[in-house]
Amino acid sequence: YDSYVGLYASLRNNLFNAAYLPTTGYAYGVEAAYNMKNRSRSGTHFWTLQAHASTAISLSSTTVLQPAAYIRMLFGESVPFVYGNNMGGYLAGRYTRQQIPFVGFTGCEFAERQLVVLRVDLRQQLTSDLYFSGIVNYAHSSHKLRQTLEGRGIWGFGGGLVYNTTVGPLSLYAHWNDKHHRFGAYFSFGYEF
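Definitions and limits used
- Residues numbered from 1 in each chain as written.
- Predicted model: local features only at pLDDT ≥ 70, side-chain atom pairs only at ≥ 80, totals over all residues.
- Heavy atoms only, no water.
- Helix = DSSP H or I, 4+ residues; strand = E, 2+ residues; numbered from the N terminus.
- Rg over C-alpha atoms; globule rule 2.2 N^0.38 Å.
- Buried < 20%, exposed > 50% of the residue type's maximum accessible area, 1.4 Å probe, protein only.
- Contact = heavy atoms within 4.5 Å.
- Areas by Shrake-Rupley, 256 points an atom, 1.4 Å probe, with all protein chains shown as cover.
- Lys, Arg positive; Asp, Glu negative; His and termini not counted.
- Charge placed at Lys NZ, Arg CZ, Asp CG, Glu CD.
- Polar contact = N/O pair within 3.5 Å; in protein donor to acceptor, adjacent residues only side chain to side chain.

A tally of helices and strands in the chain yields zero helices and eleven strands. Helices and strands appear in the chain in the N-to-C order β-β-β-β-β-β-β-β-β-β-β. Compactness check: the chain gives a C-alpha radius of gyration of 18 Å against a globular reference of 16 Å for 193 residues, within 12% of the reference. Residues counted as buried form 38% of the 193 residues belonging to the chain. Partitioning the intrachain contacts of the chain with sequence separation of at least 6 by distance along the chain shows that 48% fall at a separation of at least 24. Summed over its atoms, the accessible surface of the chain is roughly 11300 Å², and 60% of this surface lies on carbon and sulfur atoms. Separation between the mean location of the 15 positive side-chain charges and that of the 10 negative ones in the chain comes to 6 Å.

Written out as structure tokens, the structure is:
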């Protein structure tokens, strides 16, 4: 059993024109943390660096392209499992605080120390409240920084419908990834808070 103390700094900004289904704007965030064992003389410590950026680009009055990038890197000799990188699902931070979204995994999967996820959403408005969204994302993780983007990564694909209601969006998605070669589904209703 170990306990850790840490220092962190965080900067976040969200300038999308809507919390859900934005048509213009951008968002970004950066967080750095230094963690060390509490009551330890061994000097065990590690750093985490996490960043994300996304923008919404209106291609027409009914079509929006939304690219995003996520990075999370761990530095240090020994990083406890609970602070490790993980990815999966449609929303950041749904399963663990440091979880990065990856469409194609229904739940959460662990990744190596250096994790990069690139994602593109293409959303088409079908009626005043009904949207179709297609998603492609790519993830790569490696144990060492110099190996980042070496070797094969993981592709994930998803598509679904979103109906905008007065109590929040009603969403139904299907997805697939080339790691497990399995299909999955995701359903959500209401606002996230």
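Here the narrative resumes.
Glancing now at unusual backbone geometry. In the Ramachandran plot, L21 falls in the positive-phi region, its phi being about 55° despite a non-glycine side chain. With respect to the secondary-structure elements, L21 resides in the loop between strand 1 (4-14) and strand 2 (25-37). When its relative accessible area of 18% is taken as the criterion, L21 is described as buried. One non-glycine residue, H181, adopts positive backbone phi at about 55°. Here H181 is to be found in the loop between strand 10 (168-177) and strand 11 (183-189).

Locating E109 in the fold gives a position in strand 6 (residues 109-110). Separated by 65 residues in sequence, E109 and T44 have C-alpha atoms that sit 26 Å apart. At 2.6 Å, the side chain of E109 forms a polar contact with the side chain of H180.

Take it as geometry only, folks, not as evidence of what the structure does.
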